[in-house]
Amino acid sequence: MLNFSVEKTDSRARLGRLELPHGTVRTPCFMPVGTQGTVKTLTPAEIAEAGAEIIVCNTYHLYLRPGHKRIQAAGGLSKFMGWNQPILTDSGGFQVYSLAAMTRVSDEGAEFQSHVDGSRHLFTPELVVEIQEALGADIAMCLDECPPYPVSRPVAEAGVARTTLWADRCSAARQPGTNLFGIVQGATFTDLREQSAKSLVALDLPGYAIGGLCLGEPSEVTYDMVGRVTALLPADRPRYLMGAGYPEDIIAATKLGVDMFDCVLPTRNGRTGTAFTSRGRVVIRNAIHADDSAPLDDACDCYACRTFSRAYLRHLFMVGEALGPKLLTLHNVRFFQRLMLGIRTAIEQGGFESWSSEFLRRYQPARGQSPGPESDTGDCPQTNGS
Ligand SMILES: [Zn+2]
């Protein structure tokens, strides 16, 4: 079962401990995304060494391949993939809407065609809970309806109604001990967001997520929605903003009382040659790095930064060696864990506001490069979540 405690607050920011079946997570936390039961290019030992205490895996992908029953028979996802710390599984709803073909949604569930072999499937609220329980998730997510951005009010309204209906059915279907989070929807309509939050809080779930944001809307709108929702969520439950991956967004949402984050940005950008550093984003293929003997980030303690020059990392990418994407992924995952460590330390010391001003002064916000879809791997820009 889940046990969450807020140990310190700094304005609305919270320092917390989230105790889960496979271990304790310090919050605010960032969860690397291991879509198909692997954080691409990294071993579980490397993920843990980077400081991650929980990862996100994806129900849609694992249901299709290798199948949740096969993973259950193998002893659960943690054992199957060799990661003995907590796992949050998303409900698969986001992939059904973004990745699968010919999706038909009704109150019964979401019927879709597999992107792998074209076979047809129906995700009901009951089935996605059953799949996540078979996987042995520490935290399971309710099936939700996540419309794309922008969306009309009638569609957003219907999405909120269905998300509430499905959350109720997910909650009724879960076994005792399943840590089920509800997902607040409502697009960018303030009253719908508030209505969604209130309806889900009435279900008395162990935690709450905010979905359907960070989809391309202006950041002021994102923060407005997040602030309104966190104000309505119970103070003693963890809050998870799905798909927020830019450091400036993580900092802003932490100030609004969010405890958990995930995004494919560090891993996807790492594989394509973009590093997040304390001085902003670095595109390693750029010619300026060809003779640069400096590390990727002189403030970073990861293996890649301790060992290799920018010139060597650029070389790996230019000749297409697999070690390049691996080292940049390793660095990016560590960068986000160091970011969260900095945030937690600052909250603990009561200086989050000044710490974040100083961090953002040095850091060049990474806007302008959307995570974007990546069809060959199945990662999705939002967490693979929602
Ligand atoms: Zn590094």
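See the structure shown above.
Given the structure is predicted, the values throughout are model-derived calculations rather than measurements.

### Considerations on the packing of aromatic side chains
Line of reasoning, step 1. Enumeration according to the criterion identifies 14 aromatic pairs in this entry.
Line of reasoning, step 2. An angle of 35° between the planes, with centres 4.9 Å apart, marks the rings of Phe30 and Phe336 as tilted. Of this pair, Phe30 sits in strand β4 (residues 29-31) while Phe336 sits in helix α14 (residues 323-348), placing them 306 residues apart in sequence.
Line of reasoning, step 3. We classify Phe30 as buried; its relative accessible area is 2%.

### Observations regarding the pattern of salt bridges
Line of reasoning, step 1. The final tally for this structure, using the stated rule, is 19 salt bridges.
Line of reasoning, step 2. Measuring nitrogen to oxygen at the nearest pair gives 2.7 Å for the salt bridge that ties Glu53 to Arg26. Here Glu53, found in the loop between α1 (44-49) and β5 (55-58), pairs with Arg26, found in strand β3 (residues 23-27); they are 27 residues apart in sequence, far enough to count as distant.
Line of reasoning, step 3. Salt-bridge contacts for Glu157 lead to Arg153; the nearest nitrogen and oxygen are separated by 3.0 Å.

### A closer look at the packing of α14 against helix α15 (residues 352-362)
Line of reasoning, step 1. Where α14 contacts α15, the two axes come as close as 8 Å, and the packing angle between them is 145°. For the pair α14 and α15, contact is made by Phe335, Leu339, Gly342, Ile343, Ala346 and Ile347 and by Phe352, Trp355 and Phe359, respectively.

### Focus on the side chain of Glu53
Line of reasoning, step 1. Given a relative accessible area of 14%, Glu53 falls into the buried group.
Line of reasoning, step 2. A distance of 2.7 Å separates polar atoms of two side chains, one belonging to Glu53 and the other to Arg26.
Line of reasoning, step 3. With sequence-adjacent residues up to four places away left out, Glu53 is seen in contact with Thr24, Val25, Arg26, Trp83, Gln85 and Pro86.

### Focus on the nonpolar core
Line of reasoning, step 1. The biggest cluster of nonpolar side chains holds 72 residues, and the ones touching the most others in it are Phe123, Leu241 and Phe261.
Line of reasoning, step 2. The element that contributes the greatest number of residues to this core is α14, accounting for 9 residues.
Line of reasoning, step 3. Setting aside chain neighbours within four positions, we find Phe123 in contact with Thr59, Tyr60, Tyr63, Ser91, Gly92, Val96, Gly109, Ala110, Phe112, Val128, Ile131 and Leu143.
Line of reasoning, step 4. In terms of nonpolar packing, the next biggest core, distinct from the first, is built from 18 residues, Leu18, Leu20, Val25 and Ile183 among them.

### Examining the sheet that holds strand β1 (residues 3-10)
Line of reasoning, step 1. Overall, antiparallel pairing links the 3 strands, which are arranged β1-β2-β3 in an open sheet. At either margin of the open sheet sits one strand with a lone partner, and together these are β1 and β3. Averaged over all neighbouring strand pairs, the angle between strand axes comes to 15°, with direction disregarded.

### Details of the layout of surface pockets
Line of reasoning, step 1. Roughly 190 Å³ of volume is contained in the second largest pocket.
Line of reasoning, step 2. Every residue lining the second largest pocket is listed: Glu46, Glu49, Ala50, Asp301, Cys302, Tyr303, Arg306, Leu323, Lys326, Leu327, Leu330 and Arg334.
Line of reasoning, step 3. Put simply, the parts of the chain that give the lining of the second largest pocket at least two residues each are α1, α12 (303-307) and α14.
Line of reasoning, step 4. Examining the composition of the lining of the second largest pocket, we find that 5 residues originate from one element, α14, more than from any other.
Line of reasoning, step 5. Split into classes, the residues belonging to the lining of the second largest pocket amount to 6 nonpolar, no polar and 6 charged.

Reading the values: the criteria
Residues numbered from 1 in each chain as written. Predicted model: local features only at pLDDT ≥ 70, side-chain atom pairs only at ≥ 80, totals over all residues. Heavy atoms only, no water. Phe/Tyr/Trp six-rings, centres within 6.5 Å; stacked < 30°, edge-to-face > 60°. Helix = DSSP H or I, 4+ residues; strand = E, 2+ residues; numbered from the N terminus. Buried < 20%, exposed > 50% of the residue type's maximum accessible area, 1.4 Å probe, protein only. Salt bridge = Lys/Arg side-chain N within 4 Å of Asp/Glu carboxyl O. Axes fitted to C-alpha atoms, helices over the stretch in contact; angles between N-to-C directions. Contact = heavy atoms within 4.5 Å. Polar contact = N/O pair within 3.5 Å; in protein donor to acceptor, adjacent residues only side chain to side chain. Core = buried A, V, L, I, M, F, W, Y, C linked by side-chain atoms within 4.5 Å. Pairing = 2+ DSSP bridges. 1 Å grid on protein atoms, 1.4 Å probe; cavity = no way out; pocket = protein on both sides within 12 Å on 5 of 7 lines; lining within 4 Å. Points joined across faces, edges and corners; volume = space filled by probe spheres on them. Nonpolar A, V, L, I, M, F, W, Y, C, P; charged D, E, K, R; others polar.

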